[in-house]
Amino acid sequence: MASGIKGIISLGVGESDFVTPWHIREASVYSLERGHTNYTPNSGLPELRQQICRYLHKKFGLEYDYSQEILITVGVSEAIDIALRCVLEPGDEVIIPEPCFVSYKPCTLMAGGAPKTVSTQEANHFKLMPEDLEEAITDKSKVLLMSYPNNPTGAVMNREELEAVARIVEKHDLLVISDEIYSELNYNGDHVSFSSLPGMKERTVLLNGFSKSFAMTGWRVGYAAASEDIISAMLKVHQYTIMCAPVMGQMAAIEALKNGEKEVKRMKAHYDQRRNLIANGLNQMGLSCFEPKGAFYVFPSIKSTGMNSLNFCEELLKEEKVAVVPGDAFGQCGEGYVRCSYAASMEQITEALNRMERFLQRQQKQKKIFALNN
Amino acid sequence: MDDMKIKLLQALEQNHKISIKTLATMLKISEKEVKEMIEELEEAKIILGYVTLIDWEKTDNNDNVTAIIDVKVTPQRDVGFDTIAQRICRFPEVKSVYLMSGSYDLSVMIEGTSMKKVAFFVAEKLASLENVQSTATHFVLKKYKQDGIVFEEDENDHRLVISP
């Protein structure tokens, strides 16, 4: 519906508005010029896996063996799919905190698992509460699949909160698939990788990639880091379905890890200021939202308007040409919320906020007239 | 200098039209603090001015020519290149003056209404200065990028309107 309308400002996009930093694009072009157009090893270029191990060590103090414990995938999306396919037996339950990325439930179902969602609440800043997790666990529970910093809510979990989750994971002997694609976009201190918690490395499949941190969504490069058992099983599925991630993207990813830190910081500083602007603007117009701490999304409540999420999004798009995403696209408990991305320019955000305010005022007026007539 | 001032300068360097109110929201400080900081930075001559980058080629007023002049200078005792550089700065035709390393000393950018005028300015005003040994004039034919801004850029957003 949105794609046909002219003059749209979209805050509905799940990717950076920056293009991939030039030095990364240039490195990929150079690799093509030198003729790097062949298959890579199934698990990915050794140099890239080594760089990833170096990165994980430097950032989170993690120790992985690049030759046995890292697999390069076609984005984290592929990694989610094959990780689930490798660890699930038919009927195994996968606990998924919601709202969450759209593929978790379908991938679980396709892998023969049973998704068991746990609602997270605005009051808790959309963090996974240990008591809610405990309550969802049954004898069939096998995997906890979660992502912090979170898409769509912008929630992050700090060390103590993750440790509380880790204790339950250990108690019930669960595996964790931790999608940490937004790890570089944490505005509240350093990201804590779930694998780095005591005793968690063995039970965690750590997923990360280049899409969000380096603005490389279209390159489709992600990776999984886990124990040799799990990686070798994932490698089997990967090699028969994908063969290997595209070499151009892998070459670009090497450059990103080697020399990309400055650009990551630059983009993050921009997001951070836009985050302040949009969260402030939404709260002021009466769409309450908690201050998001990570990723590039805000998740305001639209309950005060009396509309449901889909309705709100459709009307806003029709009347003011601003595209946002209904919260229930990310799970039933996202109903009553919408996701706004601040991966947009300052000018676009300001204009979108103006339009949204106008929209809300008009809605309120209509409500009043309606009330008077009845 | 504190971190907040650097952030403020970086924001202003990109766009000095941002309102005080927006700056305050972006940086999470009060409007009063932003105002005071800007005043302080102006007084300290850290913020030197607020100029607008214009692509004059797209206007009717597009017959100005720009030249970059390599100037070789004999440095003077005690003051080095400073006196001569400051003297060159005084000409309103001169847009920028840099002291360079390498095969010449000063890089001087000049703007004039015709090539002839620029050439005469160099011959009469610049080359004739005491201590100037030689000049080499290069005319600018086309500007592709200036102060970090590309003049003709494909600004299309290639992203899908909605994506997960």
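The shown structure was predicted, so the numbers you read here are calculated from the model rather than taken from an experiment.

Asker: Any chance you could explain the overall build of chain B here in plain terms?
Answerer: Scanning chain B for helices and strands turns up 5 helices and 6 strands. Counted from the first residue to the last, chain B has its helices and strands arranged as α-α-α-β-α-β-β-α-β-β-β. Whereas a compact globule of 164 residues would reach a radius of gyration of roughly 15 Å, chain B reaches 21 Å, over 25% beyond that. Along the first, second and third principal axes, the C-alpha atoms of chain B reach 60 × 40 × 30 Å. Of all 164 residues assigned to chain B, the portion counted as buried reaches 28%. The centroid of the 21 positive side-chain charges in chain B is displaced by 2 Å from the centroid of its 28 negative side-chain charges.

Asker: Hey, could you run me through helix α3 (residues 31–43) of chain B in this one?
Answerer: What sets the pattern is the α-helix's 3.6 residues per turn: residues three or four places apart point alike. All names here are of chain B. Taking 1.5 Å of rise per residue, 13 residues should cover 18 Å, and α3 covers 18 Å from first to last C-alpha, within 8% of that figure. The inward-facing, buried residues of α3 contact α1 (3–14) and α2 (20–27). Following α3 by one or two positions, K45 has its phi on the positive side, about 60°.

Asker: Teacher, can you tell me more about the pairing of strand β2 (residues 70–73) of chain A here?
Answerer: Along any regular strand the residues' side chains alternate between the sheet's two faces. Residues and elements named next belong to chain A. Of the two faces of β2, the one lined by I70 and I72 and the one lined by L71 and T73 are each fully buried. Pairing between β2 and strand β8 (residues 222–225): 4 bridges, direction antiparallel. Bridge pairing in β8 links T73 to G222.

Asker: Please explain the sheet that holds strand β11 (residues 325–326) of chain A as it appears in this structure.
Answerer: Either a parallel or an antiparallel arrangement is found when strands of a sheet pair, and the pairing is made through backbone hydrogen bonds. Residue and element names in this part refer to chain A. Within the open sheet, the 3 strands sit side by side as β9-β12-β11. Their pairing is antiparallel. Every interior strand has two partners, whereas the edge strands, β9 (297–298) and β11, have only one. Sheet topology places β9 next to strand β12 (residues 338–341); 2 bridges connect them, and they run antiparallel. Each residue of the ladder has a partner; that of Y297, found in β12, is S341.

Asker: Explain the packing of helix α2 (residues 46–60) of chain A against helix α8 (residues 247–259) of chain A here, please?
Answerer: Residue and element names in this part refer to chain A. At a minimum axis distance of 9 Å, the contact between α2 and α8 shows a crossing angle of 30°. On the basis of the axis angle, α2 is roughly parallel to α8. α2 and α8 meet at a crossing whose hand is left-handed. Contacts between α2 and α8 involve E47, L48, Q51, I52 and Y55 on the former and, on the latter, Q250, A253, I254, L257 and K258. Looking at the contact of α2 with α8 residue by residue, the class counts come to 6 nonpolar, 2 polar and 2 charged.

Asker: I keep staring at helix α3 (residues 75–87) of chain A and nothing clicks. Help me out?
Answerer: The end-to-end C-alpha separation of α3 of chain A is 19 Å, in line with the 18 Å expected for 13 residues at 1.5 Å each. For α3 of chain A, the set of buried residues is G75, V76, E78, A79, I80, D81, I82, A83, L84 and V87 of chain A.

Asker: Is there a simple way to explain the interface of chain A and chain B in this structure?
Answerer: Often, the extent of an interface is quoted as the loss of accessible area upon association of its parts. The interface is formed by 28 residues belonging to chain A together with 15 residues belonging to chain B. A combined buried area of about 1600 Å² lies between chain A and chain B, and 55% of that area is made up of carbon and sulfur atoms. Ionic pairing is found between E291 of chain A and K28 of chain B, a salt bridge with its closest N-O pair at 2.2 Å. Inspection of the chain A/chain B interface yields 11 residue pairs in polar contact (both at pLDDT 80 or more). For the side of chain A that touches chain B, the elements supplying multiple residues, two or more each, are α9 (261–284) and α11 (346–373) of chain A.

Asker: How do you make sense of the nonpolar core when you look at a structure like this?
Answerer: The tendency in soluble globular proteins is for nonpolar side chains to be buried side by side. All names here are of chain A. If you look at the biggest cluster of nonpolar residues, it comprises 82 residues, and the most contacted ones within it are L282 and F312. Residues in contact with F312, not counting those within four places in the same chain, are L287, I302, T305, M307, V324, V338, F359 and L360. Residues I52, L56, V247 and A253 belong to the second largest nonpolar core, which totals 28 residues.

Asker: Is there a simple way to think about the sheet that holds strand β1 (residues 65–73) of chain B in this case?
Answerer: All names here are of chain B. Within the open sheet, the 4 strands sit side by side as β2-β3-β1-β4. Their pairing is antiparallel. Unpaired on one side and paired on the other, β2 (94–99) and β4 (132–139) mark the two borders of the sheet. On average, each strand axis in the sheet is tilted by 20° relative to the strand beside it, whichever way the strands run. The sheet contact formed by β2 and strand β3 (residues 106–112) spans 5 bridges and is antiparallel. Across the sheet, residue V97 finds its bridge partner in β3, namely V108. In the packing of helix α4 (residues 82–89) onto the sheet, the strands contacted are β1, β2, β3 and β4, and the crossing angle to β2 comes to about 165°.

Asker: What am I meant to see in the pairing of strand β7 (residues 204–209) of chain A here?
Answerer: Residues and elements named next belong to chain A. With 6 of 6 residues buried, β7 lies mostly within the body of the structure. The side-chain alternation of β7 yields two buried faces, one formed by T204, L206 and N208 and the other by V205, L207 and G209. By the bridge criterion, 4 bridges tie strand β6 (residues 175–179) to β7 in an arrangement that is parallel. What sits directly across from I177, in β7, is V205. Relative to β8, β7 is paired through 4 bridges, and the arrangement is antiparallel.

Asker: It is not clear to me how the pattern of salt bridges should be interpreted in this structure. Could you clarify?
Answerer: Opposite charge on two side chains permits them to pair, given that their charged atoms come into close proximity. According to the stated counting rule, one finds 24 salt bridges over all chains in the structure shown. Note that R159 of chain B and D157 of chain B form a salt bridge whose closest N and O atoms lie 3.0 Å from each other. Relative accessible area serves as the criterion here: at 46%, D157 of chain B is assigned to the partly exposed category. A single salt-bridge network, built from bridges that share partners, covers E319, E320, R358 and R362 of chain A.

Asker: I would appreciate a short explanation of the packing of α9 of chain A against α2 of chain B in the present structure.
Answerer: The N-to-C vectors of α9 of chain A and α2 of chain B enclose an angle of 110°; their axes lie 7 Å apart at closest approach. One finds that α9 of chain A runs roughly perpendicular with respect to α2 of chain B. In contact with Q273, N276, L277 and N280 of chain A of α9 of chain A, α2 of chain B contributes T22, T25, M26 and L27 of chain B. Looking at the contact of α9 of chain A with α2 of chain B residue by residue, the class counts come to 3 nonpolar, 5 polar and no charged.

Asker: I'm lost on the packing of aromatic side chains in this one. Help?
Answerer: To describe a pair of aromatic rings, you give the distance between the ring centres and the angle between the ring planes. Residue and element names in this part refer to chain A. Counted according to the given criterion, the structure contains 15 aromatic pairs over all chains. Ring geometry for Y55 and F60: centres 6.4 Å apart, planes at 90°, overall edge-to-face. For the pair shown, Y55 and F60 are each scored as buried. Both rings, one in F296 and one in Y297, keep their centres 5.1 Å apart while their planes meet at 65°; by these two values the pair is edge-to-face. As far as burial versus exposure is concerned, F296 and Y297 are alike and both buried. Over the ring of Y64 we find K201, and its NZ or CZ is 4.7 Å from the ring centre. Its end group placed over the ring of F18, R266 keeps NZ or CZ at 5.3 Å from the ring centre.

Criteria and thresholds
Residues numbered from 1 in each chain as written. Chains lettered and ligands numbered in written order. Predicted model: local features only at pLDDT ≥ 70, side-chain atom pairs only at ≥ 80, totals over all residues. Heavy atoms only, no water. Helix = DSSP H or I, 4+ residues; strand = E, 2+ residues; numbered from the N terminus. Rg over C-alpha atoms; globule rule 2.2 N^0.38 Å. Buried < 20%, exposed > 50% of the residue type's maximum accessible area, 1.4 Å probe, protein only. Lys, Arg positive; Asp, Glu negative; His and termini not counted. Charge placed at Lys NZ, Arg CZ, Asp CG, Glu CD. Expected span 1.5 Å × (residues − 1). Contact = heavy atoms within 4.5 Å. Pairing = 2+ DSSP bridges. Axes fitted to C-alpha atoms, helices over the stretch in contact; angles between N-to-C directions. Parallel < 35°, antiparallel > 145°, perpendicular 65-115°, else oblique. Left-handed = near helix turned anticlockwise from the far one by under 90°. Nonpolar A, V, L, I, M, F, W, Y, C, P; charged D, E, K, R; others polar. Buried area = accessible area lost by both parts, 1.4 Å probe. Salt bridge = Lys/Arg side-chain N within 4 Å of Asp/Glu carboxyl O. Polar contact = N/O pair within 3.5 Å; in protein donor to acceptor, adjacent residues only side chain to side chain. Core = buried A, V, L, I, M, F, W, Y, C linked by side-chain atoms within 4.5 Å. Phe/Tyr/Trp six-rings, centres within 6.5 Å; stacked < 30°, edge-to-face > 60°. Lys NZ or Arg CZ within 6 Å of the ring centre and 35° of its normal.

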